[in-house]
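Descriptive structure summary
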Amino acid sequence: RLGYKFYYQIVNSETLVPQRRKRCFMVCVREDTYQKHGAFKFPEMTGPSIPLKSILDKKVEKKYTISDRLWKGHQERSTRNKNRGTGFTTKVADLEKPSNTIVARYGKDGKECLIPQNGQNPRMLTIGECRKLFGYPEDFILPSSRTPAYRLLGNSVVVPVVETISKSIIDQYLSS
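For every chain, the first residue of the written sequence is number 1, and numbering continues from 1 onward in sequence order. Where local features are concerned, this predicted model is filtered to residues with pLDDT of at least 70; where side-chain atom pairs are given and counted, the filter is 80 or more; whole-chain, interface and lining totals use all residues. Here the side-chain values reflect all heavy atoms present in the structure, with hydrogen atoms and water set aside.

Numbering of helices and strands starts at the N terminus; helices are DSSP runs of H or I of at least 4 residues and strands are runs of E of at least 2. Across its full length, the protein holds 6 helices and 4 strands. Listing every helix and strand of the protein by position from the N terminus yields β-β-α-α-α-β-β-α-α-α. Dimensions of the protein, computed from C-alpha atoms along their principal axes, come out at roughly 60 × 40 × 30 Å. A burial count over the protein gives 38% of its 176 residues as buried. Pairs of residues are marked as contacts when any of their non-hydrogen atoms sit within 4.5 Å. Counted over contacts in the protein with a minimum sequence separation of 6, partners at least 24 positions apart contribute 64%. The Shrake-Rupley method, run with a 1.4 Å probe sphere, supplies the accessible areas, and residue values consider only the shown protein chains as cover. In the form shown here, the protein has an accessible surface area of approximately 11,000 Å², with 52% of it arising from carbon and sulfur atoms. One finds the centroid of the 31 positive side-chain charges in the protein at a distance of 6 Å from the centroid of its 17 negative side-chain charges. Relative accessibility under 20% of the residue-type maximum defines a buried residue, over 50% an exposed one, and the middle range a partly exposed one, all with a 1.4 Å probe and only protein chains included. Only four residue types enter the tally: Lys and Arg on the positive side, Asp and Glu on the negative side; His and the chain ends are excluded. To locate a charge, the coordinates of NZ of Lys, CZ of Arg, CG of Asp or CD of Glu are taken.

In structure tokens form, the structure reads like this:
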């Protein structure tokens with residue numbers, strides 16, 4: 001009715017970055033462009049998932065290790081929620097698999113993705129590690145404070161997903 005063809009697809013980022021982040025992407029194509037070039041085809045993002053360990057820093061400041069109190073609270077809440085059959089549980093990440101989805105509240109307690117550490121409580125991801133999970137370049141400037149940086153990243157798209165879809169738009173509609 002408005003002169004556009006509408007296409008959408010749920011895309012999981014785990015073959016482009018080591019984060020399991022499923023989001024709906026939408027592309028609208030003007031009717032005249034559709035008539036000339038046809039329907040939009042989302043690119044296939046297949047291949048093996050990328051393990052979380054591939055982006056972890058070798059040395060991490062102590063401030064990212066969660067406190068005894070917070071770790072105990074995570075464990076108690078997880079047990080309570082599991083017994084009730086509702087709510088979230090906290091567990092340390094499997095470094096051989098992509099991370100869970102990082103959300104805007106990650107900076108609060110890190111429960112979505114805690115990194116195991118030998119002989120210590122688990123730790124949160126650093127801002128730099130989170131930046132890598134979203135595919136931002138090394139020189140991308142984030143807020144220097146942790147909470148705003150985690151919030152910004154948790155509300156972000158995965159850059160390589162957007163780049164891949166954008167390249168498909170260019171290839172299908174603007175290259176000829």
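Before going further, it helps to spend a moment on a nonpolar patch on the surface. A cluster of nonpolar side chains, Phe-6, Tyr-8 and Met-26, forms an exposed patch at the surface whose accessible area comes to about 380 Å². Within the secondary structure, Phe-6 sits in strand E1 (residues 4–12). Patch definition: residues with relative accessible area over 30% and no salt bridge; like charges joined within 9 Å; nonpolar side chains (Val, Leu, Ile, Met, Phe, Trp, Tyr) joined within 5 Å. Put simply, a salt bridge is a Lys or Arg side-chain nitrogen that is within 4 Å of an Asp or Glu carboxyl oxygen.

Across all of its chains, the model carries 12 salt bridges by this definition. Here Asp-57 makes a salt bridge to Lys-132, at a shortest N to O gap of 3.0 Å. Here Lys-132 lies in helix H4 (residues 127–133) and Asp-57 lies in the loop between helix H1 (31–37) and helix H2 (68–84), a separation of 75 residues in the sequence. Residue class for Lys-132 comes out partly exposed when judged on its relative accessible area of 26%.

Attention now goes to a positive patch on the surface. On the surface, a cluster of positive charge is made up of Arg-77, Arg-80, Arg-84 and Lys-108. Top element by residues in the positive patch is H2. It accounts for 3 residues. Mapped onto the secondary structure, Arg-77 falls in helix H2.

One bridge is not enough; two strands pair if DSSP finds at least two bridges between them. Sheet analysis places strand E3 (residues 115–117) next to strand E4 (residues 120–123), joined by 2 bridges and oriented antiparallel. Bridge pairing in E4 places Ile-115 opposite Arg-123. The hairpin turn running from E3 into E4, its antiparallel successor, is 2 residues long, and Gly-119 in that turn takes a positive phi close to 70°.

Take the nonpolar core next. Here the nonpolar core consists of buried residues drawn from Ala, Val, Leu, Ile, Met, Phe, Trp, Tyr and Cys, with membership extended through side-chain atoms lying within 4.5 Å. In this structure, Phe-40, Leu-52, Ile-102, Tyr-106, Cys-113, Leu-125 and Ile-165 are the most contacted members of the largest nonpolar core, which totals 37 residues. For this core, the elements supplying multiple residues, two or more each, are E1, strand E2 (22–30), H4, helix H5 (146–154) and helix H6 (159–174). By residue number, the principal contributor to this core is H6, which donates 4 residues. In this structure, Ile-102 is in contact with Gln-19, Arg-21, Cys-113, Leu-125, Cys-130, Leu-133, Phe-134 and Gly-154, ignoring residues within four places of it in sequence.

Once that is clear, we can look at the state of the cysteines. Disulfides are defined as pairs of cysteine sulfur atoms found within 2.5 Å of each other. All chains considered together, the criterion is met by 0 disulfides. Cys-28 takes part in no disulfide bond, and the closest cysteine sulfur, belonging to Cys-24, lies 11 Å away. Among the cysteines around Cys-130, which has no disulfide bond, Cys-113 carries the closest sulfur, lying 7.6 Å off. Judged by relative accessible area, Cys-130 falls into the buried class, the value being 0%.

Below, the discussion takes up H5. Within the sequence span of H5, burial applies to Ala-149, Tyr-150, Leu-153 and Gly-154. Down the axis of H5, the buried side of the element spans an arc of 125°, and every buried residue falls inside it. Those residues of H5 that are buried lie in contact with helix H3 (106–109) and H4. To obtain the arc, one takes the directions from the helix axis to the C-beta atoms.

Quick look at the side chain of Thr-15 now. Structurally, the position occupied by Thr-15 is in the loop between E1 and E2. What qualifies as a polar contact is a pair of N or O atoms within 3.5 Å, subject to a donor-acceptor requirement within protein and to the restriction that residues adjacent in sequence count only when both atoms come from side chains. There is a polar contact of 3.1 Å between the side chain of Thr-15 and the backbone oxygen of Met-45.

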